[in-house]
Amino acid sequence: MKILVTGADGFIGSHLVEKLVKKNHKVTALCYYNSFNSIGNLNFLEKKMLKKIDIKHGDVRDHAFIEDLIVGKDFIFNLAALIGIPYSYSAYNSYLDTNIQGILNILNVLKKNPKPFLVHTSTSEVYGSAQYTPIDEKHPLVAQSPYAATKIAADKLVESFNKSFSINSCIIRPFNTFGPRQSSRAVIPTAINQIVNLQKHIYFGKIDTIRDLTYIDDTIDAFCLCLKKKSKINGKTINLGVGKGYVIKKVINRILELEKSKSKIIIQEARIRPDQSEVLKLISKNHLAKKLLNWTPRYSNSKNFDLALIKTIKWFKENNNNESNFSKYII
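Sequence order as written defines the numbering, with residues in each chain counted from 1. The predicted origin of the model limits local features to residues at a pLDDT of at least 70 and limits the giving and counting of side-chain atom pairs to 80 or more, whereas totals for whole chains, interfaces and linings rest on all residues. Side-chain numbers here rest on the full set of heavy atoms in the structure, without hydrogens or water.

1. Describing the packing of helix α1 (residues 11-22) against helix α8 (residues 216-225)
Defined as follows: Helix axes use the C-alpha atoms of the stretch in contact, all axes being lines fitted to C-alpha atoms, and the angles between their N-to-C directions lie in the range 0 to 180 degrees. Per the convention used, a helix needs a DSSP run of H or I reaching at least four residues, while a strand needs a run of E reaching at least two, with both numbered from the N terminus. The scheme is simple: roughly parallel for angles under 35 degrees, roughly antiparallel for over 145, roughly perpendicular for 65 to 115, oblique for anything else. Each crossing gets its hand from how the near helix is turned against the far one by less than a right angle, where anticlockwise is left-handed and clockwise is right-handed. By definition in these notes, contact holds between two residues if any of their heavy atoms fall within 4.5 Å. Polar here means any residue outside two lists: the nonpolar Ala, Val, Leu, Ile, Met, Phe, Trp, Tyr, Cys and Pro, and the charged Asp, Glu, Lys and Arg; Gly therefore counts as polar.
It is the contact of α1 with α8, at a shortest axis distance of 10 Å, that shows an interaxial angle of 60°. Considering the angle they form, α1 stands oblique to α8. As α1 packs across α8, the resulting crossing turns out to be right-handed. On the side of α1, the interface is formed by Phe11, Ile12, His15, Leu16, Lys19 and Leu20, while α8 contributes Ile216, Thr219, Ile220, Asp221, Phe223 and Cys224. Classifying every residue of the contact of α1 with α8 by side-chain character gives eight nonpolar, two polar and two charged.

Listed below in structure tokens is the structure:
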């Protein structure tokens, strides 16, 4: 199958490209154009694997470029997005251009060329703080940050084009994926990097929040299952989460225990979101993912969650100074 992955140089994108190549698909990987000719997290793939990938540098905001890129593809995974929440408070125009105009360019191409099936990547941040748990796909969408607002708009564009123009598509909504290659802006890499560098004090924002933490391998399994379930998932929005809430402070303390570290947690005001912008609780109901994708997360119990943390810690120890400069901008 000929597959296009946008945001291929990001955290989830690079893992998805790697898995698709292993499954013998013909993959075109769109990497954000930059003056360094960087391919971001794709650098962590084996060289022999990179030779099998058609790597393109460009920007989803460029309609003509995207139109040429989509020609001849059977499947599109859209993971191109600006994702840093703090940055969205000051650079909201950039988020509008990338997260909304980017998907609109893809949808306009698919309106004329309806052959490819589109899987658009959303985020659990669109729900805001949980009004009830577990959160199903019918939960109200609440924009508590400019980032979340642009992702809601992008999701609604995909939904509207599916209904208005019969574009074959679905929306996948991951809940707080973590693992190797994740940007250090995220809380688990932030904790690991500070702890393994033997810092006496480790710094965080609000840590009494609750998140549904999903290991990267489970998220990628679900994305790949979409390839076989097109008829079942067309027009659907599907949550991807383990269905369990983790208090962030307890996760940090568990990493401290695993590393036998005595680092002291310090809360910094500068790292805390504005009061009305902080999402306090996210716990997924993954019934649809199980029903439509036949997806079951493997890292959902305590033992396997520890294993996921250990794998993530090991990767960051081995790649402590190698993180892509661009991974904080793409999924």
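2. Regarding helix α5 (residues 92-112)
The condition that has to hold: To estimate how far a helix should extend, the number of its residues minus one is multiplied by 1.5 Å. A residue's bend is simply the angle between two axes: one fitted to the seven residues ending at it, one to the seven starting at it. Exposed residues in this analysis have more than 50% of their type's maximum accessible area, buried residues have under 20%, and partly exposed residues fall in between, with area computed by a 1.4 Å probe over protein chains only.
End to end, α5 covers 30 Å across 21 residues, agreeing with the expected 30 Å (1.5 Å per residue, within 8%). Of all the bends in α5, the greatest, near 30°, is centred on Gln101. Restricting attention to buried positions, one finds in α5 the residues Tyr95, Thr98, Asn99, Gly102, Ile103, Asn105, Ile106, Leu107, Val109 and Leu110. Of the surrounding elements, those touching the buried residues of α5 are β1 (2-6), α3 (63-70), β4 (75-78), α4 (85-88), β5 (117-121) and α6 (146-165).

3. So, unusual backbone geometry
Put simply, Thr133 and Pro134 share a cis peptide bond, and its omega is -5°. Positionally, Pro134 belongs in the loop between β5 and α6. Positioned with a positive phi, Asn37 is a non-glycine residue whose angle comes to about 55°. Considering the arrangement of structural elements, one finds Asn37 in the loop between β2 (26-32) and α2 (47-50). Of note, the phi angle at Asn294 is positive, near 60°, even though the residue is not glycine. The residue Asn294 is located in the loop between α11 (287-293) and α12 (302-318) in this model. For Asn294, a relative accessible area of 58% translates into the label exposed.

Remember that the coordinates give geometry; whether it matters functionally is a separate question.
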